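Structure at a glance
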Amino acid sequence: MRFWLLIAFVLTIQEGLSVLATLVRAEQLHYSFWIISLIWLGVTLLQIAFGYYVGKFIQKKSKGSKLERWAEKYAHKLEKSITKNGEKVALVLFSSAISPGIGAFLFSWLDISFVDIFAYSLLGDLLWYLSTLATVFGAVELLSKVRFGLSILVCIVVVMYLISYLRKRKSL
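All figures in this text were calculated on a predicted structure; none of them were measured in a lab.

**So, the overall build of the protein**
Within the protein one finds nine helices and zero strands. Along the chain direction, N to C, the helices and strands of the protein fall in the order α-α-α-α-α-α-α-α-α. By residue count, 38% of the 172 residues in the protein fall in the buried class. In the protein, 79% of the contacts between residues at least 6 apart in sequence involve partners at least 24 apart. Of the roughly 10,200 Å² of accessible surface on the protein, 70% is carried by carbon and sulfur atoms.

**Overview of the environment of Ile-102**
Relative to the assigned elements, Ile-102 resides in helix 6 (residues 100-107). Residue classification places Ile-102 among the partly exposed positions, given a relative accessible area of 47%. For the pair Ile-102 and Ile-48, spaced 54 residues apart in sequence, the C-alpha separation works out to 7.8 Å.

**Thoughts on the side chain of Gln-47**
Of note, Gln-47 is situated in helix 3 (residues 33-61). Engagement of the side chain of Gln-47 in a polar contact is seen with the backbone oxygen of Thr-12, the distance being 3.1 Å. If we skip the residues at most four places from it in the chain, Gln-47 touches Leu-11, Thr-12, Gln-14, Ser-99, Pro-100 and Gly-101.

**Re the side chain of Gln-14**
With respect to the helices and strands, Gln-14 occurs in the loop between helix 1 (2-13) and helix 2 (16-28). Taking the relative accessible area as the measure of exposure, Gln-14 reaches 11% and is therefore buried. When neighbours within four sequence positions are excluded, Gln-14 is seen to be in contact with Val-19, Trp-40, Thr-44, Gln-47, Ile-98, Ser-99, Pro-100, Asp-125 and Trp-128.

**Considering the nonpolar core**
Of all hydrophobic cores here, the largest spans 38 residues; its most connected members are Leu-11, Leu-23, Phe-33, Ile-36, Trp-40, Ile-117 and Tyr-129. Broken down by secondary-structure element, the contributors of at least two residues to this core are helix 1, helix 2, helix 3, helix 5 (84-97), helix 6, helix 7 (114-137) and helix 9 (146-171). At 14 residues, helix 7 tops the list of elements feeding residues into this core. Sequence-distant contacts of Trp-40, defined by excluding residues within four places in its chain, comprise Leu-11, Gln-14, Leu-122, Asp-125, Leu-126, Trp-128 and Tyr-129.

**Remarks on helix 2**
Along an α-helix, a turn takes 3.6 residues, which lines up residues three or four apart on a common side. For helix 2, built from 13 residues, the straight-helix expectation of 18 Å at 1.5 Å per residue is met to within 8% by its first-to-last C-alpha distance of 18 Å. Lining the buried residues of helix 2 we find helix 1, helix 3 and helix 7. Immediately downstream of helix 2, the backbone of His-30 shows phi near 60°, a positive value.

**A few points about the packing of aromatic side chains**
Within this structure, the stated rule accounts for nine aromatic pairs. Measuring from centroid to centroid gives 5.3 Å for Tyr-53 and Phe-114, while their planes differ by 35°, and the two rings are tilted. Of this pair, Tyr-53 sits in helix 3 while Phe-114 sits in helix 7; the two residues are 61 residues apart in sequence, bridging distant segments of the chain. Tyr-53 sits in the partly exposed class, given a relative accessible area of 49%. What makes Phe-114 partly exposed here is its relative accessible area of 25%. Here Phe-94 and Phe-107 contribute two aromatic rings whose centre-to-centre distance is 5.5 Å and whose plane-to-plane angle is 80°, an arrangement assigned as edge-to-face.

**Quick word on a nonpolar patch on the surface**
On the surface, a cluster of nonpolar side chains totalling about 280 Å² of accessible area is made up of Leu-6, Phe-9 and Ile-13. Within the secondary structure layout, Leu-6 lies in helix 1. We classify Leu-6 as partly exposed; its relative accessible area is 35%.

Conventions used here
- Residues numbered from 1 in each chain as written.
- Predicted model: local features only at pLDDT ≥ 70, side-chain atom pairs only at ≥ 80, totals over all residues.
- Heavy atoms only, no water.
- Helix = DSSP H or I, 4+ residues; strand = E, 2+ residues; numbered from the N terminus.
- Buried < 20%, exposed > 50% of the residue type's maximum accessible area, 1.4 Å probe, protein only.
- Contact = heavy atoms within 4.5 Å.
- Areas by Shrake-Rupley, 256 points an atom, 1.4 Å probe, with all protein chains shown as cover.
- Polar contact = N/O pair within 3.5 Å; in protein donor to acceptor, adjacent residues only side chain to side chain.
- Core = buried A, V, L, I, M, F, W, Y, C linked by side-chain atoms within 4.5 Å.
- Expected span 1.5 Å × (residues − 1).
- Phe/Tyr/Trp six-rings, centres within 6.5 Å; stacked < 30°, edge-to-face > 60°.
- Patch = residues over 30% accessible without salt bridge, like charges linked within 9 Å, V, L, I, M, F, W, Y side chains within 5 Å.
- Salt bridge = Lys/Arg side-chain N within 4 Å of Asp/Glu carboxyl O.

Below is the structure:
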């Protein structure tokens, strides 16, 4: 049970070396990577929602403050410098490079919907998770294992469906 908690903790923190070491040990101990992937998905979804809502909460509490004026100034500059597709690419790349919770927190200051932040942060973190698994197993072994290859495909399809569904729902 303690090792499962360690897995959940390192997947939440997402510090590269500790995640790799923990997942290699989980592989050696024959832990289910289906369950580990579900843990990753759960902590990622929680991080994105938590980061976004903490960002919005701080924005409410800091109305009219120096912090708000500074954040609005730089958010406006950033929004002007990137196009709509640039926002999506930035969200995906940012979330694949750092914790999706931190990304959601920072992007909550911009004029981007929660749906877009949620969907593209999830996609970015999925890319990070898949690259981590490829490092643990080796890309060839990962792709040669039918169940992991299939799970990668299923994850990508689910994330893309989620993005599509949330976008349709947002436009209603």
